[in-house]
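# Examination of the molecular architecture
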Amino acid sequence: MRFMKSLMVILATTALALCLACAAADPASDEAANDEPAGDEAASDASVETHATIPVDPDSPNARYFTPDGREAAMSAFEEDDRETWQHSEEILAALALEPGMTVADVGAGTGYFTRQIAPLIEPGGVVLAVDIIPEFLEDLERRAGEIGITNVETILSRADSPMLPEGSVDLIFISDTYHHFDQPAPMLEGMLAALRPGGRMAIVDWERMPNPLFERDGLDWESHIRIGSQGVIDQVTEHGFRLLEQYDFLEWQYFVIFERGEG
Ligand SMILES: C[S@@+](CC[C@H](N)C(=O)[O-])C[C@H]1O[C@@H](n2cnc3c(N)ncnc32)[C@H](O)[C@@H]1O
C-alpha cells in the first residue's frame, strides 16, 4: 500500500514536470501568457531596430521608405535621368539668389539631387546642411557627393518633428518635393523658423494637388499622397511666423514659393 502511494506521487510529479517543460517550449503558450500576437511583436521590433527615433505612420507617404524595396524604388525616382524635363532646377536655383559663403539647409534632401547642385554655387565658404529622416538616403547622398568631389556638405539625420538644425544658423532653407511628406508640419516649421538667421528665407518647391503624369507612371495615388497643395502650404507657413515673399509659376505640375522670416 505504502509502495503504491509512493509510486503515485512519483508519477504525478513527473507528469507535472513534463507539462511545465512543454509549456516553456511552446510559443503559443508564451503568446497566450503575454497576451500579445507574435507577428505584431516581430514587426515593431524590426522598425525599432532600424529607425529607432522615428514613429512610422502607415498612411504617411514616408511609409514606403521603411522597407529596402521601397527605399530602392524611391532612390531611383529621385535620381531619374529625365527629371530635368519637369524639374527645371536651373530656373529654381537662379531664383534662390545663392551667394558664396551662405549656409543652406536642404530639408528632406533625399539622395541630394538639389544638394549637389547648390553646393558649388555657395563656394567658397558656403555649406549645405543636408537634412533627412532616412539614414540610407543620407549615406547615398554622401557617396554621390563624394564621387564628384563635393566637400562642402554636412548631413543631419533628423526627426519627423524636428529638422535638428542649430538655432540662428541658416541663410536659406530649401525644401524640394518634401513639404507634403511632413507628418508633423507645425513643429517642423517652428524648428525651421528658429534655425533661420535674421533676413533668412525658406523656399518650397512641391506638387500641386492635381493629377500629374509622373505619379501616374509610378503608380502613386496623387490624392492620398499629395496631402497639401500651394494654398494650404501658404496658409500653414504664414501662420507660423513666415511672410510670403515670392511666388513663381514656371513649373507645370508644381508650385514654387519663397518666404522670409516675419517680424518679431
Ligand atoms: C520625395 S523625397 C524628395 C527628396 C529630395 N528633396 C529631392 O527633391 O529629390 C522626400 C524626402 O523627404 C524626407 N522627409 C520626410 N519627412 C521629413 C521630415 N520631417 N524631415 C526631413 N526629411 C523628411 C524623406 O525621407 C525623403 O527623402
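Further up the page is the structure itself.
First, a word on what this report is: a plain description of the structure on this page. Owing to the predicted nature of the structure, the values given are computational and were not obtained by experimental measurement.

Procedures and definitions
- Each chain carries its own residue numbering, running from 1 in the written order of its sequence.
- In keeping with the model being predicted, local features are shown solely for residues with a pLDDT of at least 70 and side-chain atom pairs are shown and tallied solely at 80 or more, while totals for entire chains, interfaces and linings include all residues.
- We count a stretch as a helix when DSSP gives it H or I for four or more residues in a row; a strand needs E for two or more, and each element gets its number in order from the N terminus.
- Exposure classes come from backbone-placed C-beta atoms, where a residue is buried if 20 or more other C-beta atoms lie within 10 Å of its own, exposed if 12 or fewer do, and partly exposed in between.
- By the convention adopted here, residues make contact when the C-beta atoms placed from their backbones lie within 7 Å.
- The rule for pairing is simple: two strands pair if DSSP sees at least two bridges between them.
- Joining buried Ala, Val, Leu, Ile, Met, Phe, Trp, Tyr and Cys residues through C-beta atoms within 7 Å gives a set, and that set is a nonpolar core.
- In this analysis, residues qualify as near a molecule or strand once their C-beta atom, positioned from backbone atoms, comes within 6 Å of it.
- Three classes are used, and their members are as follows: Ala, Val, Leu, Ile, Met, Phe, Trp, Tyr, Cys and Pro are nonpolar, Asp, Glu, Lys and Arg are charged, and the others, Gly among them, are polar.
- A helix is expected to reach a length of 1.5 Å times the quantity of its residues less one.
- Arc, as used here, means the arc of the directions from the helix axis to the C-beta atoms.

Helices and strands together make up the secondary structure of the chain, namely twelve helices and seven strands. Among the 264 residues that make up the chain, the fraction classed as buried is 28%. Long-range contacts, defined here as pairs at least 24 residues apart, represent 69% of the contacts in the chain between residues at least 6 apart.

A few words now on the pairing of strand 6 (residues 242–248). One ladder, built from six bridges, connects strand 6 with strand 7 (residues 254–261); its direction is antiparallel. Across the sheet, residue Tyr248 finds its bridge partner in strand 7, namely Phe256. Counted along the chain from strand 6 to the antiparallel partner strand 7, the turn is five residues long.

Ala105, Ile173 and Phe174 are the most contacted members of the largest nonpolar core, which has 49 residues in total. Discounting chain neighbours no more than four positions away, the residues touching Ile173 are Ala105, Val107, Met192, Ala195, Leu196 and Met202.

Right, let's get into the site of the ligand. Neighbouring the ligand are 22 residues; Gly108, Gly110, Tyr113, Ser176 and His181 lie closest to it. Across the shell around the ligand, the residue classes break down as 13 nonpolar, seven polar and two charged.

Its location among the elements puts Ile148 in the loop between helix 8 (135–147) and strand 3 (153–157). Using a count of 9 C-beta atoms within 10 Å as the deciding quantity, one classes Ile148 as exposed. Along the chain, Ile148 and Arg116 lie 32 residues apart, while their C-alpha atoms are 8.8 Å from each other.

Let us now look at the environment of Ser176. Following the sequence through the fold, Ser176 ends up in strand 4 (residues 170–176). Along the backbone, Ser176 and Trp207 are 31 residues apart, and their C-alpha atoms lie at a distance of 9.3 Å. Leaving out residues up to four positions away in the same chain, Ser176 has contacts with Phe114 and Val205.

With respect to the helices and strands, Ala105 occurs in strand 1 (residues 103–107). Note: C-alpha distance between Ala105 and Leu129 (24 residues apart in sequence) is 4.5 Å. Among all residues touching Ala105, those that are not within four sequence positions of it are Leu129, Val131, Pro163, Leu165, Val170, Ile173, Phe174 and Ala195.

For the rest of this paragraph, the subject is helix 8. The terminal C-alpha atoms of helix 8 lie 19 Å apart, and with 13 residues this matches the ideal 18 Å at 1.5 Å per residue to within 8%. Taken together, the buried positions of helix 8 are Phe137, Leu138, Leu141 and Ala145. End-on view of helix 8: buried residues confined to an arc of 95°, all on one side of the axis. Residues of helix 8 that are exposed and point over 90 degrees away from its buried face: Arg143, Gly146 and Glu147.

We now examine unusual backbone geometry. Peptide bonds are, in most cases, trans, and in most cases residues other than glycine have a negative phi. A cis amide bond links Glu123 to the next residue, Pro124, at an omega of 0°. If you trace the backbone, Pro124 turns up in the loop between helix 7 (115–121) and strand 2 (127–132). Positive phi, normally seen in glycine, also occurs at Met164, with a value near 55°. You can call Met164 partly exposed: it has 15 C-beta atoms within 10 Å. Look at Asp177: it is not a glycine, yet its phi comes out positive at around 55°. Inspection of the secondary structure assignment puts Asp177 in the loop between strand 4 and helix 9 (185–195).

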